[in-house]
There are 2 protein chains.
Amino acid sequence: MTQKQEQLSKNQQIVLSIIEKAKGPLKAYSILYNVQKRGIKAPLQVYRALDKLIEIGKIHKIESKNAFIACNNSECEISKATAFSICNNCEHVKEIKNTKLSKYLSNFQDNSGMKYKKYNLEFFGLCKNCKLKQ
Amino acid sequence: MTQKQEQLSKNQQIVLSIIEKAKGPLKAYSILYNVQKRGIKAPLQVYRALDKLIEIGKIHKIESKNAFIACNNSECEISKATAFSICNNCEHVKEIKNTKLSKYLSNFQDNSGMKYKKYNLEFFGLCKNCKLKQ
DNA sequence: CCTTAATTTGTTATAATATAACGTTTGTTA
DNA sequence: TAACAAACGTTATATTATAACAAATTAAGG
Ligand SMILES: [Zn+2]
Ligand SMILES: [Zn+2]
Ligand SMILES: [Zn+2]
Ligand SMILES: [Zn+2]
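Remember, predicted model here, so these are calculated numbers, not experimental data.

**Observations concerning the sheet that holds strand 2 (residues 59-62) of chain A**
Pairing between the strands of a sheet is mediated by backbone hydrogen bonds and can be parallel or antiparallel.
Residues and elements named next belong to chain A.
Working step 1: If you trace the 3 strands from one edge of the open sheet to the other, you get 1-3-2, paired in antiparallel fashion. Both edges of this open sheet fall to strand 1 (26-27) and strand 2, since each of them pairs with a single strand only.
Working step 2: Relative to strand 3 (residues 67-70), strand 1 is paired through 2 bridges, and the arrangement is antiparallel. Paired with Lys27 across the bridge in strand 3 is Ala67.
Working step 3: Where helix 1 (residues 10-21) meets the sheet, its contacts fall on strand 1, strand 2 and strand 3, and the angle it forms with strand 3 comes to roughly 80°.
Working step 4: Helix 3 (residues 43-55) contacts strand 2 and strand 3 of the sheet and is inclined by roughly 110° relative to strand 2.

Given below as structure tokens:
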């Protein structure tokens, strides 16, 4: 039952492999240019694959950048709870794995007692490298 | 010194007033249609006003919706630390005011000890109304 | 007051991101 | 093997956002 994520379609596999090889988040049209040799010709083919990969937790969208990054956290397939660290200078993006943080946010209730099934958190600052260079 | 935020330009005032009157987040082109009577004719005029209003903390961008909402939290001008509650059903959006949460996130350090100057958190779930209706 | 810099404006064009609509093909399941 | 769901291919179009340039307005200092 937990092998559904392996049964990716051809286009889904192509798009995922590009994203997994990348050092950072990729934009949809950059993915498109990268996969045109492999037969994917139209934006919609990319977006459809992206939608599916997001749905099953293999990748995430960095909303502030309209870009897509491979998941680095095995629990994302279930939880849909994501947190990222983004460098304002070099644009380096890293998915944050932090059990305390994810527990804190998953259990968070607002003033009216509302609880949430899903969240996305984007932190901004300077990464180690960029801090040194300043 | 704390009166700079009052010295908005004409276009900035127009755009802000539309956003403040709205019940929920507005999209840039929806704002454009709403202000064409008042002399703003081009997207860029709206986007420039939006940029400024975001910079001074009067409004925020809901990244997952590409929409803009008036700030509901006097501390945002300084902190650039934002959190929202978003209903998946009716799309109702509310800025979360919660001192514990903002302190927790402002003080958060990742595994490498990196601290962040800015964050944006978007929670998704069902609002009270929509929960009842189910 | 005058001048100089900075900000804001107006305008046209275009870039970048994303989806609609349609019909076909492939894969699953009973 | 029929029936359904998922994925595909394709064209066109919608939506979101910025580039580039010149003019007008505003702020600040001498
Ligand atoms: Zn993940
Ligand atoms: Zn960096
Ligand atoms: Zn705010
Ligand atoms: Zn709702």
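**Topic: the sheet that holds strand 3 (residues 67-70) of chain B**
Residue and element names in this part refer to chain B.
Working step 1: Pairing within the open sheet is antiparallel, and its 3 strands lie in the order 1-3-2. If you trace the sheet from one side to the other, it starts and ends with strand 1 (26-27) and strand 2 (59-62), each paired once.
Working step 2: Strand contacts of helix 1 (residues 10-21): strand 1, strand 2 and strand 3, with the helix running at about 80° to strand 3, the strand carrying the most contacts.
Working step 3: Its contacts with the sheet place helix 3 (residues 43-55) against strand 2 and strand 3, and it is angled at close to 110° to strand 2.

**Looking at the side chain of B:Thr82**
All names here are of chain B.
Working step 1: Mapped onto the elements of the fold, Thr82 is located in strand 4 (residues 81-87).
Working step 2: Overall, Thr82 belongs to the buried group, its relative accessible area being 8%.
Working step 3: Within polar-contact distance, the side chain of Thr82 engages the side chain of Asn120 at 2.8 Å.

**Details of helix 3 of chain A**
Residue and element names in this part refer to chain A.
Working step 1: With 13 residues, helix 3 extends 18 Å from end C-alpha to end C-alpha; this agrees with the ideal 18 Å at 1.5 Å per step.
Working step 2: Regarding helix 3, the residues found buried are Val46, Ala49, Leu50 and Leu53. Down the axis of helix 3, the smallest arc covering the buried residues is 105°, so these residues share one side. Facing away from the buried side of helix 3 by more than 90 degrees, the exposed set consists of Arg48 and Glu55.
Working step 3: Where helix 3 is buried, its residues contact helix 1, helix 2 (28-35), strand 2 and strand 3.
Working step 4: A positive backbone phi angle near 80° is found at Gly57, which sits one or two residues after helix 3.

**Some words on unusual backbone geometry**
Residue and element names in this part refer to chain B.
Working step 1: With phi around 45°, Asn66 is a residue other than glycine that occupies positive phi space.
Working step 2: Looking at where Asn66 falls in the secondary structure, it is placed in the loop between strand 2 and strand 3.
Working step 3: Residue Asn66 is classed as partly exposed on the basis of its relative accessible area of 39%.

**Details of helix 1 of chain A**
Residues and elements named next belong to chain A.
Working step 1: The first and last C-alpha atoms of helix 1 sit 17 Å apart over 12 residues, in line with the 16 Å expected at 1.5 Å per residue.
Working step 2: Buried within helix 1 are the following residues: Gln12, Ile14, Val15, Leu16, Ser17, Ile18 and Ile19.
Working step 3: Considering only its buried residues, helix 1 is in contact with strand 1, helix 2, helix 3, strand 2 and strand 3.

**Focus on the protein's contact with DNA strand D**
Working step 1: Contacts to DNA strand D come from 16 residues, most closely from A:Ser9, A:Gln45, A:Arg48, B:Lys27 and B:Lys61.
Working step 2: Take B:Tyr29: an N or O atom from its side chain is 2.8 Å from a base nitrogen of DNA strand D.
Working step 3: Within the side chain of B:Lys61, one N or O atom sits 2.6 Å away from a phosphate oxygen of DNA strand D.
Working step 4: Counting residues per element, the surface near DNA strand D draws most heavily on helix 3 of chain A, which supplies 4 residues.
Working step 5: Of the residues assigned to the surface near DNA strand D, the class counts are 5 nonpolar, 5 polar and 6 charged.

**A few points about the protein's contact with DNA strand C**
Working step 1: As a structural note, the neighbourhood of DNA strand C is formed by 16 residues, with A:Lys27, A:Lys61, B:Ser9, B:Gln45 and B:Arg48 the closest of them.
Working step 2: Within 4 Å of the protein, atoms of DNA strand C come from sugar and phosphate in 46% of cases.
Working step 3: Here a phosphate oxygen of DNA strand C and a side-chain polar atom of A:Lys27 are 2.6 Å apart.
Working step 4: Here a phosphate oxygen of DNA strand C sits 2.9 Å away from a polar atom, N or O, in the side chain of B:Asn11.
Working step 5: Contributing elements (two or more residues each) for the surface near DNA strand C: helix 3 of chain A together with helix 1 and helix 3 of chain B.
Working step 6: At 4 residues, helix 3 of chain B tops the list of elements feeding residues into the surface near DNA strand C.
Working step 7: Within the surface near DNA strand C, the residues separate by chemical class into 5 nonpolar, 5 polar and 6 charged.

Thresholds, definitions, all that
Residues numbered from 1 in each chain as written. Chains lettered and ligands numbered in written order. Predicted model: local features only at pLDDT ≥ 70, side-chain atom pairs only at ≥ 80, totals over all residues. Heavy atoms only, no water. Pairing = 2+ DSSP bridges. Helix = DSSP H or I, 4+ residues; strand = E, 2+ residues; numbered from the N terminus. Contact = heavy atoms within 4.5 Å. Axes fitted to C-alpha atoms, helices over the stretch in contact; angles between N-to-C directions. Buried < 20%, exposed > 50% of the residue type's maximum accessible area, 1.4 Å probe, protein only. Polar contact = N/O pair within 3.5 Å; in protein donor to acceptor, adjacent residues only side chain to side chain. Expected span 1.5 Å × (residues − 1). Arc of directions from axis to C-beta. Near = heavy atom within 4 Å. Nonpolar A, V, L, I, M, F, W, Y, C, P; charged D, E, K, R; others polar.

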